[in-house]
Amino acid sequence: MYCTRAVSDAVTWVGGNDRRLSLFENLFPIPRGVTYNSYLILDEKTALIDTVDASISRQFLENIMHTLAGRHLDYLVVNHMEPDHCANIEELLLRFPELKVVGNAKTFTLMRQFYDFDLEGRIITVVENDTLSLGAHTLRFVFTPMVHWPEVMMTYEEHEHILFSADAFGSFGALNGHLFDDEIDFECGWMADTRRYYGNIVGKYGPQVQAALNKLSGVEIRMVCPLHGPVWRSGLDRLLDKYRHWSTYTPEERSVAVFYGSMYGDTENAVNILTSRLAEAGVKNIAVYDVSSTHVSTMIAEVFRCSHLVLAAPTYNNGVYPAMLNLLHDMKALNLQNRTVALMENGSWAPSCARQMRALLEEMKSMEILEPVVTLKSALKDDSLAQLDALRDALIASLMAE
Ligand SMILES: Cc1cc2nc3c(=O)[nH]c(=O)nc-3n(C[C@H](O)[C@H](O)[C@H](O)COP(=O)(O)O)c2cc1C
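Owing to the predicted nature of the structure, the values given are computational and were not obtained by experimental measurement.

Caption draft 1: Structural detail: the side chain of Ser247. Checked against the element boundaries, Ser247 lands in helix 6 (residues 236-247). Of the residues examined, Ser247 reaches a relative accessible area of 3% and is grouped as buried. Not counting chain neighbours up to four residues away, the residues in contact with Ser247 comprise Tyr198, Gly206, Pro207, Val209, Gln210 and Leu213.

In structure tokens, the structure reads:
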């Protein structure tokens, strides 16, 4: 049975939810599930904006057939060729013999790499700013390469001022009946999932996101329809503000996120003492994560949020504790920059973890390392407490600085 929602009189959401998938991209935990959004526009001509993942094909096809109500599908616009949005192209070509697929040159290169179906006479290749009239509605194609794949474009509908934004402005999380951002409590789960989606999926491509935002800056946008998560119509300014922060690697808040690794609890104990002393000194909202039990995608999202990071870990086989190393590698891979970092190391005979963490941070841009670096030799002792307090003071002074 179909399950659709009206986006406007002419535009219908024909996507669906997957709450069974545990790992998005076989990497990222999605305990709240995920949506695959697709939008059908009915005018003199009919146009579908992107398709969905194979896991929800049945629901998707029922949605489309119901919404079309016997009409033909004229156009399928492919904004993004990632397979979680492309599983149904062939089926649509078979069901609608007159259907034309709209994409750019790179779209069709990727389509031919992924699939074998015959595109002869079935494609319309567009270039930047080309338009396609559906009647009252006109689609304009805005190229946004590397947000986050090379072929990505956004489709701007000029009559209703709707931006179909591909993966940009997307979020993890299944839609629980709600479709619009004003139907959900955004701070309750959604904000964290939107940040985690951005940081891990799009985060590396800040300059390209900036280029896309600049391209769209003069355009009136009343609604943003992404390929995952809610449709944005009320809180658009808030989302754009977040995207400006994230894409320039500017922290959202002056606050501290502590990431620690610990086998026997000694580094953890020192972290607990440091955070207690920070709290006693009035620092609010300190976030603490065990790198061994927290998924790296959650920690990456927190790095995007916070201005100050504390990295605390044991030395392990003359190297950095592996789970901490994983976080640092991910931070580098995702282009993270512009943070203030405090370091704490442990080691029972030759602690060298801080030196190695510092070297990795120096490979990133604009990472300020606070002094002193705290070195523990096994358990924290009275004589190291002064070091810990000095680090606390340095963190507070830096947090309070403009
Ligand atoms: C497999 C393994 C490798 C280690 N390698 C080193 C090392 O290279 N240098 C060092 O000083 N300590 C090394 N240690 C010791 C720990 O870093 C040290 O005991 C530390 O205090 C553990 O902190 P924790 O109590 O927070 O787990 C190693 C420990 C283990 C289990």
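Caption draft 2: Molecular detail of the site of the ligand. As a structural note, the neighbourhood of the ligand is formed by 18 residues, with Ser262, Met263, Thr267, Asn318 and Ala350 the closest of them. Between Asn346 and the ligand, the recorded distance is 3.0 Å, taken from a side-chain N or O atom to an oxygen atom. For the ligand, whose unbound accessible area comes to 640 Å², protein coverage reaches 89%. For the shell around the ligand, the elements supplying multiple residues, two or more each, are helix 7 (266-280) and strand 19 (306-316). At three residues, strand 19 tops the list of elements feeding residues into the shell around the ligand.

Caption draft 3: Region of interest: helix 5 (residues 206-215). Burial in helix 5 covers these residues: Gly206, Val209, Ala212 and Leu213. For helix 5, the angular spread of the buried residues around the axis is 120°, confining them to a single face. Packing partners of the buried residues in helix 5 comprise helix 4 (186-202) and helix 6.

Caption draft 4: Representation of unusual backbone geometry within the structure. Residue Val147 is joined to His148 through a cis peptide bond whose omega torsion reads 10°. When you line up the elements, His148 lands in the loop between strand 13 (138-143) and strand 14 (153-157). Across the junction of Glu371 and Pro372, the peptide omega takes the value 0°, indicating a cis bond. With respect to the helices, strands and loops of the structure, Pro372 is situated in the loop between strand 22 (367-369) and strand 23 (374-376). Of note, Ala166 is a non-glycine position whose phi angle comes to about 55°, a positive value. Note on placement: Ala166 falls in the loop between strand 15 (162-164) and helix 4. Judged by relative accessible area, Ala166 falls into the buried class, the value being 1%.

Caption draft 5: How the structure looks around the packing of aromatic side chains. Scanning all chains against the criterion turns up 17 aromatic pairs. One aromatic cluster is present, formed by Phe169, Tyr198, Tyr243, Trp246, Tyr249 and Phe304 through successive ring pairs. A cation sits over an aromatic face here: Arg32 above Trp190, 4.3 Å from the ring centre.

Caption draft 6: Fine view of the domain arrangement of the protein. Each domain of the protein was delimited in the assignment, giving domain 1 (5-247) and domain 2 (257-396). Look at where the C-alpha atoms of domain 1 and domain 2 centre, and you get two points 39 Å apart. Facing the twelve residues of domain 1 at the interface are eleven residues of domain 2. Buried area between domain 1 and domain 2, both sides added, is near 950 Å², and the carbon and sulfur share of it is 61%. For the domain 1 face of the interface with domain 2, the top three residues by lost area are Arg195, Asn200 and Lys204, together amounting to 48%. Between domain 1 and domain 2 we count zero salt bridges in total. There are five residue pairs in polar contact (both at pLDDT 80 or more) connecting domain 1 and domain 2. Among the elements of the structure, strand 5 (28-29) and helix 4 are those that each provide at least two residues to the side of domain 1 that touches domain 2. Looking at the side of domain 1 that touches domain 2 element by element, the count peaks at five residues for helix 4.

Reading the values: rules and limits
Residues numbered from 1 in each chain as written. Predicted model: local features only at pLDDT ≥ 70, side-chain atom pairs only at ≥ 80, totals over all residues. Heavy atoms only, no water. Helix = DSSP H or I, 4+ residues; strand = E, 2+ residues; numbered from the N terminus. Buried < 20%, exposed > 50% of the residue type's maximum accessible area, 1.4 Å probe, protein only. Contact = heavy atoms within 4.5 Å. Near = heavy atom within 4 Å. Polar contact = N/O pair within 3.5 Å; in protein donor to acceptor, adjacent residues only side chain to side chain. Areas by Shrake-Rupley, 256 points an atom, 1.4 Å probe, with all protein chains shown as cover. Arc of directions from axis to C-beta. Phe/Tyr/Trp six-rings, centres within 6.5 Å; stacked < 30°, edge-to-face > 60°. Lys NZ or Arg CZ within 6 Å of the ring centre and 35° of its normal. Domains from an automatic or database assignment. Buried area = accessible area lost by both parts, 1.4 Å probe. Salt bridge = Lys/Arg side-chain N within 4 Å of Asp/Glu carboxyl O.

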